[in-house]
Amino acid sequence: MESVVKILREQNRYTQTRLAQILGISRPALINYENMEQDLPLFVVKELSKLFNVSYECLIDNKLPDSEPGDDKESLNKICKWYPKLKQSEKTAVYEMIRIMASDL
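Structure report, in brief.

Thresholds, definitions, all that
- Residues numbered from 1 in each chain as written.
- Predicted model: local features only at pLDDT ≥ 70, side-chain atom pairs only at ≥ 80, totals over all residues.
- Heavy atoms only, no water.
- Helix = DSSP H or I, 4+ residues; strand = E, 2+ residues; numbered from the N terminus.
- Buried < 20%, exposed > 50% of the residue type's maximum accessible area, 1.4 Å probe, protein only.
- Polar contact = N/O pair within 3.5 Å; in protein donor to acceptor, adjacent residues only side chain to side chain.
- Contact = heavy atoms within 4.5 Å.
- Phe/Tyr/Trp six-rings, centres within 6.5 Å; stacked < 30°, edge-to-face > 60°.
- Core = buried A, V, L, I, M, F, W, Y, C linked by side-chain atoms within 4.5 Å.

Let us now look at the side chain of Glu 34. Structurally, the position occupied by Glu 34 is in helix H3 (residues 27–34). Residue Glu 34 is classed as buried on the basis of its relative accessible area of 5%. Only 2.9 Å separates the side chain of Glu 34 from the side chain of Gln 16, close enough to count as a polar contact. Beyond its immediate stretch of four places on either side in the chain, Glu 34 contacts Ser 3, Val 5, Lys 6, Arg 9 and Gln 16.

Following this line, the structure appears as structure tokens:
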């Protein structure tokens, strides 16, 4: 079973080094949390919850939140936040996907 911390880190395109810096912990400590060799300290749970916009329970229970149909606005906000960080080829792919979907409306 893969850890939610690792899944969220990868989904949000953080390296282990960068996420460890943001959390104020060492990279080896982050690796231990990702490998579920150590429990997350409360301050790490709080910071990850804020950073990835997930509940404490998601991190403590190691369970990704269920995606609800009403999350469209939140999903769009995430796309807008991360779009500038995409490579040009990824931006082109996103644009093409939106163009195709819009033509079906």
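Attention now moves to the side chain of Ser 3. By the secondary structure assignment, Ser 3 is in the segment before helix H1 (4–11). Classification of Ser 3 as buried rests on a relative accessible area of 1%. Among the polar contacts listed, one links the side chain of Ser 3 to the backbone oxygen of Glu 34, at a separation of 2.9 Å. For Ser 3, the contacting residues outside a window of four places in its chain are Tyr 33, Glu 34, Met 36 and Asn 62.

Before going further, it helps to spend a moment on the packing of aromatic side chains. For any pair of aromatic rings, the description rests on two quantities: the centre-to-centre distance and the angle between the ring planes. With the rule as written, the count across this model stands at two aromatic pairs. Ring plane angle 65° and centroid distance 5.9 Å describe the contact between Tyr 14 and Phe 52, whose orientation is recorded as edge-to-face. On the criterion of sequence distance, the pair formed by Tyr 14 in the loop between H1 and helix H2 (16–23) and Phe 52 in helix H4 (residues 42–52) is long-range, its members being 38 residues apart. Across the pair, exposure class does not vary: Tyr 14 and Phe 52 are buried alike.

Attention shifts here to the nonpolar core. In this structure, Leu 19, Leu 23, Ile 25, Leu 30, Leu 48, Phe 52 and Leu 59 are the most contacted members of the largest nonpolar core, which totals 19 residues. Mapped by element, the contributors of at least two residues to this core are H1, H2, H3, H4 and helix H5 (56–60). In terms of residue count, the dominant contributor to this core is H4 (four residues). Excluding anything up to four places from it in sequence, Leu 30 contacts Val 5, Arg 9, Gln 16, Leu 19, Ala 20, Leu 23 and Ile 25.

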